[in-house]
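This is what each chain is made of:
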Amino acid sequence: MFTIGDFAAFGQVSARMLRHYDALGLLRPAVVDAATGYRFYSADQFSRLNRIVALKDLGFSLQQVGQIVDAKLSAEELRGMLRLRQAQLEDELARSAARLTSVEARLRLIEREGHMPTDDVVLKNIAPARVAELSAISPSYDGADIGPVLQPLFGQLFERLGAAGLHPCGSPVAYYEDAENETIRVHAAVPVETGTAADVDITELPALNAATIVHQGDMMEADRSMQTLARWIEDNGYRSQGYAREVTVQFDPDNPANWVHEFQIAVTKPS
């Protein structure tokens, strides 16, 4: 038998928490000394304690924990619940890391304010292009939302084109449209000359009179180039239309710092 202090130490919880579990009926002591009121626990009770702590860490209330523990879930069932929670936490960590990268990029952008020349912006006539594409919905136009939607689309697109024997004849293009409830429809496209493929849309990207800029580096820092582009549009008396197209010029799967994209945004000259 273990004193409450020893049992708490072995179970990596506090004695105060064990008293709380006792008061709620979650984990009663094996023995309570009638004379002193001291609580004693047995080694067999570590199994129940482990389940209580695991379920609490999964986000269940203590009332729910009691109901689940009393239902005597198997170790495999609890393991499955823990794996689900692990996946949720890993997703939260990935999103937090992406947000942190975005904040760092925004800080660098603020530091460069007033020092962003617009000499690199070029006005171009972009010819129409026949493209194969896939699309999906992103919750927003935020880079942290766009990336997880766009990257798998390109993987699926090239896989399906390869299965159909179709060969791209130009650089990959991403473009965006407003969808319902302030969401964004994300298009992953690549030029193709002829042919069709199963579960792939074939469409024509219209010609553009576009202000363009080449962005070198991680797309999490695209704001730098996009704001340079916006300043050029304003300074030269143009008006932008819609979202920018993103043409992949160079892609390095191992190092985003080596990425090169051209941003193309349709512009008009007010009369």
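Basis of the calculations
- Residues numbered from 1 in each chain as written.
- Predicted model: local features only at pLDDT ≥ 70, side-chain atom pairs only at ≥ 80, totals over all residues.
- Heavy atoms only, no water.
- Helix = DSSP H or I, 4+ residues; strand = E, 2+ residues; numbered from the N terminus.
- Polar contact = N/O pair within 3.5 Å; in protein donor to acceptor, adjacent residues only side chain to side chain.
- Contact = heavy atoms within 4.5 Å.
- Domains from an automatic or database assignment.
- Pairing = 2+ DSSP bridges.
- Axes fitted to C-alpha atoms, helices over the stretch in contact; angles between N-to-C directions.
- Salt bridge = Lys/Arg side-chain N within 4 Å of Asp/Glu carboxyl O.
- Buried < 20%, exposed > 50% of the residue type's maximum accessible area, 1.4 Å probe, protein only.

- Naming follows an unreviewed UniProt entry, where the protein chain appears as MerR family transcriptional regulator of Kribbella sindirgiensis.

**Some points on the side chain of His261**
Then comes step 1: Mapping His261 onto the fold places it in strand E11 (residues 260-268).
Then comes step 2: Among the polar contacts listed, one links the side chain of His261 to the side chain of Thr248, at a separation of 3.4 Å.
Then comes step 3: Ignoring any residue separated from it by four or fewer positions in sequence, one finds His261 in contact with Ile213, Val214, His215, Met219, Val247, Thr248 and Val249.

**Some words on the domain arrangement of the protein chain**
Then comes step 1: For the protein chain, the assigned domains read domain 1 (2-72), domain 2 (76-117) and domain 3 (123-268).
Then comes step 2: Relative placement of domain 2 and domain 3: their C-alpha centres are 23 Å apart.

**Details of the sheet that holds strand E7 (residues 184-191)**
Then comes step 1: One open sheet holds the eight strands; their spatial order is E4-E9-E11-E10-E6-E7-E5-E8, and the pairing between them is antiparallel. Since the sheet does not close on itself, it has two edges, and those belong to strand E4 (122-126) and strand E8 (201-205), each with one partner. Shown here is a sheet whose adjacent strand axes are inclined to one another by a mean of 35 degrees, direction ignored.
Then comes step 2: Across five bridges, E4 lies against strand E9 (residues 208-216) in antiparallel orientation.

**Thoughts on the pattern of salt bridges**
Then comes step 1: Using the criterion set out here, one finds six salt bridges in the structure.
Then comes step 2: For the salt bridge of Asp22 with Arg28, the shortest nitrogen-to-oxygen distance reads 3.2 Å.
Then comes step 3: In this structure, the salt-bridge partner of Glu262 is Lys124, at a minimum N-O distance of 2.6 Å. Highlighted residues: Glu262 in strand E11 and Lys124 in strand E4, separated in sequence by 138 residues.
Then comes step 4: For Glu262, a relative accessible area of 11% puts it in the buried group.
Then comes step 5: When salt bridges with common partners are traced through the structure, they connect Asp22, Arg28 and Arg39 into a single cluster.

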